[in-house]
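Notes for the structure review
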Amino acid sequence: MAPDLVPAHVGIIMDGNGRWARERNLPRTHGHGEGLKAAKRIVRAASDLGIRCLSLYAFSTENWKRATDEVSYLMDLIKTHLKQEFRFYRENGVRVVHSGNRSGLPADILAEIDETARETAGFTGLTVNLLVNYGGRDEIIRAANKASETGALTEKSLSAALDNPEFPELDLLIRTGREYRISNFLLWQSAYAELWFSDKYWPDWEASDLAEAVAGYQKRNRRFGSV
Ligand code: FPP
């Protein structure tokens, strides 16, 4: 693998948890638990590959429409993970940041996200961007409102008002689970992202799947509108 062509920013729509569980006659929530284990495997794999930023779509602004039990389970899963896994982030030198609408999130989740972000702020390896209560349109509207307070709205001023403006644009957008949609994921940042779709359900994802996606990305000819 050519190290100089490693994508700086990879985003993943981690899809297929529910179907993974259903095929095993397990509750959907079990699929999310396995999905979290896959997320940890892929965080390690992304570090090993030298990826700088990894955005993980953990809960969208639309996911509130799911059954109350599933929503509570997901919120609890994220909260408990952040509470218990500081060691995992420290051992891998991973910094954690959050993207999403803070005002719609329960206070206990927000507190855990903020504490993890504070505690990992000095780590210099991979940065993991956890998308919780995140919608691409919502982020753009919030950024546009913020940017227009200080003057004319331009691409530069809007970019600077995004949730994590220091992040490079998305290089590689991966969606697992045999669905071929963007689903409101990092809409502004993915303007020139290369797309990679995987037939595997997210809980089945391994380090080799990420390596395959990155190798596929390295074969693309990115032109950014030029010839
Ligand atoms: C989509 O699968 C998955 C989600 C909505 C939740 C993803 C969340 C995790 C994997 C937990 C990650 C947490 C951290 C802290 C990284 P789906 O339920 O829509 O699957 P389906 O399409 O098969 O029903």
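Look a little higher up for the structure.
Residues numbered from 1 in each chain as written. Predicted model: local features only at pLDDT ≥ 70, side-chain atom pairs only at ≥ 80, totals over all residues. Heavy atoms only, no water.

1. Details of helix H6 (residues 136-149)
The condition is simple: Secondary structure elements follow DSSP: runs of H or I of four or more residues count as helices, runs of E of two or more count as strands, with numbering from the N terminus. How far a helix is expected to stretch is found by multiplying one less than its residue total by 1.5 Å. For each residue, the accessible area found with a 1.4 Å probe, counting protein chains only, is set against the maximum for its type, and the residue is called buried under 20%, exposed over 50%, and partly exposed in between. Regarding the arc, it is the one traced by the directions from the helix axis to the C-beta atoms. By definition in these notes, contact holds between two residues if any of their heavy atoms fall within 4.5 Å.
Relative to the 20 Å expected for 14 residues at 1.5 Å per residue, H6 spans 20 Å between its end C-alpha atoms, a close match to the ideal helical length. Regarding H6, the residues found buried are Gly136, Glu139, Ala143, Ala144 and Ala147. Buried positions in H6, seen along its axis, are confined to an arc of 130 degrees and lie on one side of it. Turned more than 90 degrees from where H6 packs its buried face, Arg137, Ile141 and Glu149 sit exposed. Buried-residue contacts for H6 involve strand S4 (127-134) and helix H7 (155-160). A positive phi of about 145 degrees marks glycine 151, the residue just after H6.

2. Describing the nonpolar core
Which entries qualify depends on this criterion: Only buried residues count toward a nonpolar core, which is a set of Ala, Val, Leu, Ile, Met, Phe, Trp, Tyr and Cys residues joined through side-chain atoms within 4.5 Å.
In this structure, Ile12, Leu56, Ile174 and Leu210 are the most contacted members of the largest nonpolar core, which totals 40 residues. Here this core takes six residues from helix H2 (residues 28-49), the largest share from any one element. Dropping the residues within four chain positions of it, isoleucine 174 is found in contact with Val10, Gly11, Ile12, Ile13, Trp196, Trp205, Leu210 and Ala213. Listed in part, the nine residues of the second largest apolar core include Tyr57, Tyr134, Phe185 and Ala193.

3. Side note on the site of the ligand
Definition in use: Each residue is tested against the molecule or strand, and it is near if at least one of its non-hydrogen atoms lies within 4 Å. Throughout this description, a polar contact denotes any pair of N or O atoms lying within 3.5 Å of each other; where both atoms belong to protein, one of them has to be capable of donating a hydrogen while the other can accept it, and for residues adjacent in sequence the pair is counted only when both atoms sit in side chains. Using a 1.4 Å probe, accessible areas were evaluated by the Shrake-Rupley method; residue-level cover was limited to the displayed protein chains.
For the ligand, the set of nearby residues contains 18 residues, the closest of which are Asp15, Gly18, Arg19, Arg28 and Arg66. At a separation of 2.7 Å, an oxygen atom of the ligand approaches a polar backbone atom of arginine 19. Across the complex, the protein chains shield 91% of the 640 Å² of accessible surface that the ligand would expose by itself. Counting residues per element, the ones that place at least two in the shell around the ligand are helix H1 (17-22), H2 and helix H3 (68-84).

4. Focus: the pairing of strand S5 (residues 172-175)
Condition: Paired strands, in this sense, are two strands between which DSSP finds at least two bridges.
Side chains of S5 alternate between two faces, with Leu172 and Ile174 and Leu173 and Arg175 buried alike. Where strand S1 (residues 9-13) and S5 come together, four bridges link them in parallel fashion. Each residue of the ladder has a partner; that of valine 10, found in S5, is leucine 172. Relative to strand S6 (residues 194-197), S5 runs parallel, the two sharing four bridges. For isoleucine 174, the partnering residue across the bridge sits in S6 and is tryptophan 196.

Note that all results are geometric; they support no functional claim without further evidence.
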